[in-house]
Amino acid sequence: MKYNTEIDINLPLDKVVALFDNPDCLKKWQPTLLSFSLISGELGQPGSQVKLVYKRGKKGRMAMIETLIKHDLPEELLATYEAPGVLNHQKNTFIDLGNGKTRWQSATEFKFSGMMKVVAFLLGKKGFQKETMKFHQLFKDFAESNPE
């Protein structure tokens, strides 16, 4: 499953990238993030791995491993996210639109196995796109309220 998403943020490129690239800001715009911990490598460098744990539902949790492939912001940040039955390839790009505005573009590809194939079928591409756009909007709201 592949799709692209984008959102315009009312902040200059350098401020958007600084907020997006700061792991200390993650919990401020990802409210279901419970923990973020470095597993291997140097944080922010290609090859590094981070474990992310998210709250799912009332008592559930979902852990995933982020592997950083390329870190060349604002032009490109490539990473994979692995969870049981799911492999997500994510490419993020930030574009200066001028007049203090920035466009965040994401190219997303999911691969599923096991029971997650059924879940993916039931949710459909639109369900996954909607979830991605929710995080885009959460980041936009956070960034625009923290312009320092």
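Residues numbered from 1 in each chain as written. Predicted model: local features only at pLDDT ≥ 70, side-chain atom pairs only at ≥ 80, totals over all residues. Heavy atoms only, no water.

Asker: Hey, could you go over the pattern of salt bridges for me, with residue numbers and the actual values?
Answerer: Taken as a whole and assessed by the stated rule, the structure comprises 7 salt bridges. Salt-bridge contacts for Glu144 lead to Lys140; the nearest nitrogen and oxygen are separated by 2.8 Å. A residue pair is termed a helical-turn pair when its members lie 3 or 4 positions apart in one helix, as Glu144 and Lys140 do in helix H3 (residues 115-145) at 4 residues. Classification of Lys140 by relative accessible area gives buried; the value is 13%. (Salt bridge = Lys/Arg side-chain N within 4 Å of Asp/Glu carboxyl O. Helix = DSSP H or I, 4+ residues; strand = E, 2+ residues; numbered from the N terminus. Buried < 20%, exposed > 50% of the residue type's maximum accessible area, 1.4 Å probe, protein only.)

Asker: Which residues make up the packing of aromatic side chains, and what are the values?
Answerer: Counted by the stated rule, this structure contains 13 aromatic pairs. Taking 5.1 Å as the distance between ring centres and 65° as the angle between the ring planes, the aromatic pair formed by Phe20 and Trp104 counts as edge-to-face. Of this pair, Phe20 sits in helix H1 (residues 13-20) while Trp104 sits in strand S7 (residues 101-112), and the two are 84 residues apart along the sequence. When its relative accessible area of 13% is taken as the criterion, Phe20 is described as buried. Under the relative-accessibility criterion, Trp104 is labelled buried at 4%. Pairing Trp29 with Phe139 gives two aromatic rings, centres 5.0 Å apart and planes at 75°, and the pair type is edge-to-face. You can see Trp29 sitting in helix H2 (residues 26-29) and its partner Phe139 sitting in helix H3, a full 110 residues away along the chain. Neither Trp29 nor Phe139 differs from the other in exposure class; each is buried. The structure contains a cluster of three or more aromatic residues connected by ring pairs, namely Phe20, Trp29, Phe94, Trp104, Phe139 and Phe142. (Phe/Tyr/Trp six-rings, centres within 6.5 Å; stacked < 30°, edge-to-face > 60°.)

Asker: Summarise the pairing of strand S6 (residues 86-98); cite the residues concerned and give the values.
Answerer: Two elements, strand S5 (residues 76-83) and S6, share 7 bridges in a ladder whose sense is antiparallel. Its bridge partner lying in S6, Thr80 is registered against His89. Summarising the sheet, S6 and S7 pair through 12 bridges and their orientation is antiparallel. Within S7, the residue paired with Asn92 across the bridge is Ser106. The turn joining S6 and S7, which pair antiparallel and follow one another in sequence, is formed by 2 residues; a positive phi near 55° is taken by Asn99. (Pairing = 2+ DSSP bridges.)

Asker: Talk me through the nonpolar core; I want residue IDs and the actual numbers.
Answerer: Core analysis: the largest hydrophobic core is formed by 28 residues, its most contacted members being Ile9, Trp29, Phe94, Trp104 and Phe139. Secondary structure elements with two or more residues in this core: strand S1 (2-9), H1, H2, strand S3 (49-56), strand S4 (60-72), S5 and H3. It is H1 that contributes the most residues to this core, 5 residues altogether. Setting aside chain neighbours within four positions, we find Phe139 in contact with Ile9, Val16, Leu19, Phe20, Trp29 and Trp104. By size, the runner-up hydrophobic cluster in this structure holds 6 residues, among which are Val86, Phe110, Ala120 and Phe128. (Core = buried A, V, L, I, M, F, W, Y, C linked by side-chain atoms within 4.5 Å. Contact = heavy atoms within 4.5 Å.)

These results come straight from atomic positions and should not be treated as a statement about function.
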